[in-house]
Amino acid sequence: MATKQRLGLRQVRALKAGDIVWDPLLPGFGVRRQRGEAIAYVLKYRTMEGRQRWFTIGRHGAPWTPETARAEAQRLLGHVAGKSDPAAEKRAARNAQTVGDLCDLYLADAESGRLVTRRRMAKKQSTLETDRGRIERHIKPLLGRRSVASVTREDVEAFMHDVAAGKTAGKTKTKTRGLARVRGGKGTASRTIGLLGAIFSYAARHRMRQDNPVHGVVRPADGRRERRLTDVEYKALGAALRQAEAAHIWPAAIAVARFLALTGWRRGEALGLRWDEIDRGRRTATLGDTKTGRSVRPLAYAACDVLRSIGRTGDLVFQATRGNGRMTGFPKFWAKIAELGELPADVTPHTLRHSYASLAGDLGFSEPTIAALIGHRGHSITSRYVHTADAILLAAADAVANRTSDLMGEQKPAARVVPLARVGAA
């Protein structure tokens, strides 16, 4: 029999077979246990036409708890108020006829934040754009018209070989850059198969088919190369940055390029850096949203000099030429800088990151230290600023940045002796 009481973990754990508990604070939201051990959060509502619907939010357990399920129920009720019918949409999703339909549903859920990564976080916008590109340029052209239920492992393997052979290569129009060159190859095939596996896992979770045809497919090696700058290229980069300054290229773009070379950060991390994330006294930056989550980074004196050279005109450190948003035009500025230095086409901002890590290795620093410097997953400055560890990482950051500056022919900053702040000091 249904009972009404505040919905919490105690009530969820006390459920017996056939029980249902409603949350009086959010009408229609409840949790029920049927014949087995499974417990599911549900939502009962009426459509704009007055039809009563039941919607199963999900089974109890990660990620669904009373709190997260209640938040999802509130979101769904907002859609109902906007004349949507979540239950009908869910049925339509289960009945998607083609792989193209399935891809659209997957992207819609990913963009709304309903899909999470292995780190239980929503996909970043940059990742979604990459997924969309692989879907539109590879998956839909080759598999888009196939029915979801008919795709076999053999079809997936044939798809993989076609992409690797360049069957989907060509040029395609884009909204932001006008024209994109689509390449095939083993690396592209491997990464696209990874996405296709996630899409079919999504289909299996939504009962659109029983299995995942990607499971068991042996992917080729990714093919990514970890390129690093040579000493000659470092010198050319330094000269190019100085020529860019003389040519009056956007100063913030030059500062980003120099900052990346001196820190080994990811491009997106630097472009999204905010002034309120920087603690100049401790020479650290606390990044709240990186590829690997929250990350605290040491800042070398040379990197601090770059930040000091930038006038503060907004929340972001590296300002765009127009507006207050991110510098979306940095790839074009980088291309100009690379052209001035006559750098090879395969020298990218990511090359600076790998070069920084390689230099740190050349200087004899350990892998954990290097990981903390560049923000690899699971490594950062020790919690609550244990100053002996901070001093070690700051010294490492200075050593790598100074070596980078030397190779680039940059003027070295004067030596500094700065006492560390006391533990607990502001």
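Keep in mind it's a predicted model, so treat the numbers as computed, not measured.

Engineer: Which parts of the structure should I look at to understand the overall build of the chain?
Structural biologist: A tally of helices and strands in the chain yields 15 helices and 10 strands. Per-residue burial for the chain yields a buried fraction of 44% across its 426 residues. Restricting to contacts in the chain with at least 6 residues of sequence separation, those with at least 24 account for 60%. A total accessible area of about 23,700 Å² is found for the chain, and carbon and sulfur atoms account for 50% of it.

Engineer: Help me understand the packing of helix H8 (residues 231-246) against helix H9 (residues 251-263) in this model?
Structural biologist: For any two helices packed against each other, one specifies the crossing angle of their axes together with the interaxial distance. Closest axis-to-axis distance for the H8/H9 pair is 10 Å, and the angle between their directions is 160°. Taken together, the axes of H8 and H9 are roughly antiparallel relative to one another. The way H8 lies across H9 gives a crossing that is left-handed. Packed against H8, whose contacting residues are Leu237, Leu241, Arg242, Ala244 and Glu245, the element H9 presents Ile254, Ala257, Arg258 and Ala261 at the interface.

Engineer: I keep staring at helix H14 (residues 367-374) and nothing clicks. Help me out?
Structural biologist: Helical geometry note: an α-helix holds 3.6 residues per turn, so side chains three or four residues apart project in the same direction. With six of eight residues buried, H14 lies mostly within the body of the structure. Of all the positions in H14, only Thr369, Ile370, Ala371, Ala372, Leu373 and Ile374 are classed as buried. In the stretch just after H14, Gly375 is the one whose phi turns positive, near 80°.

Engineer: Sorry if this is basic, but what is going on with the pairing of strand E3 (residues 29-33) here?
Structural biologist: Consecutive residues of a regular strand have side chains that alternate between opposite faces of the sheet. Judged by how many residues are buried, E3 sits mostly within the fold: four of five residues are covered. A loop of six residues connects strand E2 (residues 20-22) with E3, the two strands running antiparallel in sequence, and Gly28 in this loop sits at a positive phi of about 95°. Strand direction decides the pairing type here: E3 and strand E4 (residues 39-46), joined by five bridges, are antiparallel. Note that in E4 the partner of Arg33 across the bridge is Ile39.

Engineer: Explain the environment of Leu393 to me, please; I cannot follow it from the model alone.
Structural biologist: For Leu393, the location among the structural elements is in helix H15 (residues 387-408). Look at Leu393 and you get buried, because its relative accessible area is 8%. Between the alpha carbons of Leu393 and Arg297 there is a distance of 8.9 Å; along the sequence they are 96 residues apart.

Engineer: Help me understand the packing of aromatic side chains in this model?
Structural biologist: Geometrically, a pair of aromatic rings is defined through the distance of the ring centres and the angle of the planes. Under the counting rule described, the total for this entry stands at five aromatic pairs. The interplanar angle of 15° and the centroid separation of 6.2 Å between the aromatic rings of Phe29 and Tyr41 together place this pair among those described as stacked. Placement of Phe29 in strand E3 and of Tyr41 in strand E4 is noted, with a sequence separation of 12 residues between them. Pair check on accessibility: Phe29 and Tyr41 agree, each one buried. Measuring from ring centre to ring centre gives 4.9 Å for Phe259 and Trp265, while their planes differ by 90°; the resulting arrangement is edge-to-face. Each of the two residues, Phe259 as well as Trp265, counts as buried. Taken together, the ring pairs connect Phe259, Trp265 and Phe318 into an aromatic cluster. Here Arg283 stacks its cationic end above the ring of Tyr301, 3.7 Å away from the centre of that ring. One cation-aromatic arrangement involves Arg297 over Trp265; the distance from NZ or CZ to the ring centre is 5.4 Å.

Engineer: Hey, could you run me through the pairing of E4 in this one?
Structural biologist: When you tally the buried positions in E4, you get six out of eight residues, the bulk of the element. Counting the residues between successive antiparallel strands, the hairpin from E3 to E4 contains five residues. Examined bridge by bridge, E4 and strand E5 (residues 52-59) share seven bridges and lie antiparallel to one another. Within E5, the residue paired with Ala40 across the bridge is Arg59.

Engineer: Honestly, the pattern of salt bridges in this entry has me stumped. Any pointers?
Structural biologist: Pairing is possible between side chains that carry opposite charge, provided their charged atoms lie close to one another. Applying the stated criterion to the full structure yields 24 salt bridges. Here Arg274 makes a salt bridge to Asp315, at a shortest N to O gap of 3.7 Å. Here Arg274, found in the loop between helix H10 (267-271) and strand E8 (278-279), pairs with Asp315, found in the loop between helix H11 (301-308) and helix H12 (330-340); they are 41 residues apart in sequence, far enough to count as distant. With relative accessibility at 32%, the residue Arg274 sits in the partly exposed group.

Engineer: Would you mind showing me how to read helix H6 (residues 153-164) here?
Structural biologist: Look at H6: 17 Å from first C-alpha to last across 12 residues, which is about the 16 Å you get at 1.5 Å a residue. Every buried residue belonging to H6 is among Asp155, Val156, Phe159, Met160 and Val163, and all of these are buried. Projected down its long axis, H6 shows its buried positions confined to an angular sector of 140°, all on one face. For H6, exposure combined with an orientation more than 90 degrees from the buried face picks out Glu154 and His161. If you follow the buried residues of H6, they end up packed against helix H5 (125-143) and helix H7 (186-205). Positive backbone phi, at 90°, marks Gly166, one or two positions downstream of H6.

Engineer: Which parts of the structure should I look at to understand the confidence of the model for the chain?
Structural biologist: Detailed reading of the predicted coordinates is not advisable wherever pLDDT is low. The share of residues in the chain with pLDDT of 70 or more is 84%, and the mean pLDDT across the chain is 85. The low-confidence segment residues 378-389, where pLDDT is below 50, has 24 contacts with residues more than four positions distant or belonging to other chains. Within the model, the stretch residues 417-426 combines pLDDT values under 50 with eight contacts to residues more than four positions away or in other chains.

Engineer: What exactly am I supposed to notice about the side chain of Ser295 here?
Structural biologist: Checked against the element boundaries, Ser295 lands in strand E10 (residues 293-298). The class of Ser295 is buried, set by a relative accessible area of 3%. At 2.7 Å, the side chain of Ser295 forms a polar contact with the side chain of Arg297.

About the thresholds
Residues numbered from 1 in each chain as written. Predicted model: local features only at pLDDT ≥ 70, side-chain atom pairs only at ≥ 80, totals over all residues. Heavy atoms only, no water. Helix = DSSP H or I, 4+ residues; strand = E, 2+ residues; numbered from the N terminus. Buried < 20%, exposed > 50% of the residue type's maximum accessible area, 1.4 Å probe, protein only. Contact = heavy atoms within 4.5 Å. Areas by Shrake-Rupley, 256 points an atom, 1.4 Å probe, with all protein chains shown as cover. Axes fitted to C-alpha atoms, helices over the stretch in contact; angles between N-to-C directions. Parallel < 35°, antiparallel > 145°, perpendicular 65-115°, else oblique. Left-handed = near helix turned anticlockwise from the far one by under 90°. Pairing = 2+ DSSP bridges. Phe/Tyr/Trp six-rings, centres within 6.5 Å; stacked < 30°, edge-to-face > 60°. Lys NZ or Arg CZ within 6 Å of the ring centre and 35° of its normal. Salt bridge = Lys/Arg side-chain N within 4 Å of Asp/Glu carboxyl O. Expected span 1.5 Å × (residues − 1). Arc of directions from axis to C-beta. pLDDT = per-residue confidence, 0-100. Polar contact = N/O pair within 3.5 Å; in protein donor to acceptor, adjacent residues only side chain to side chain.

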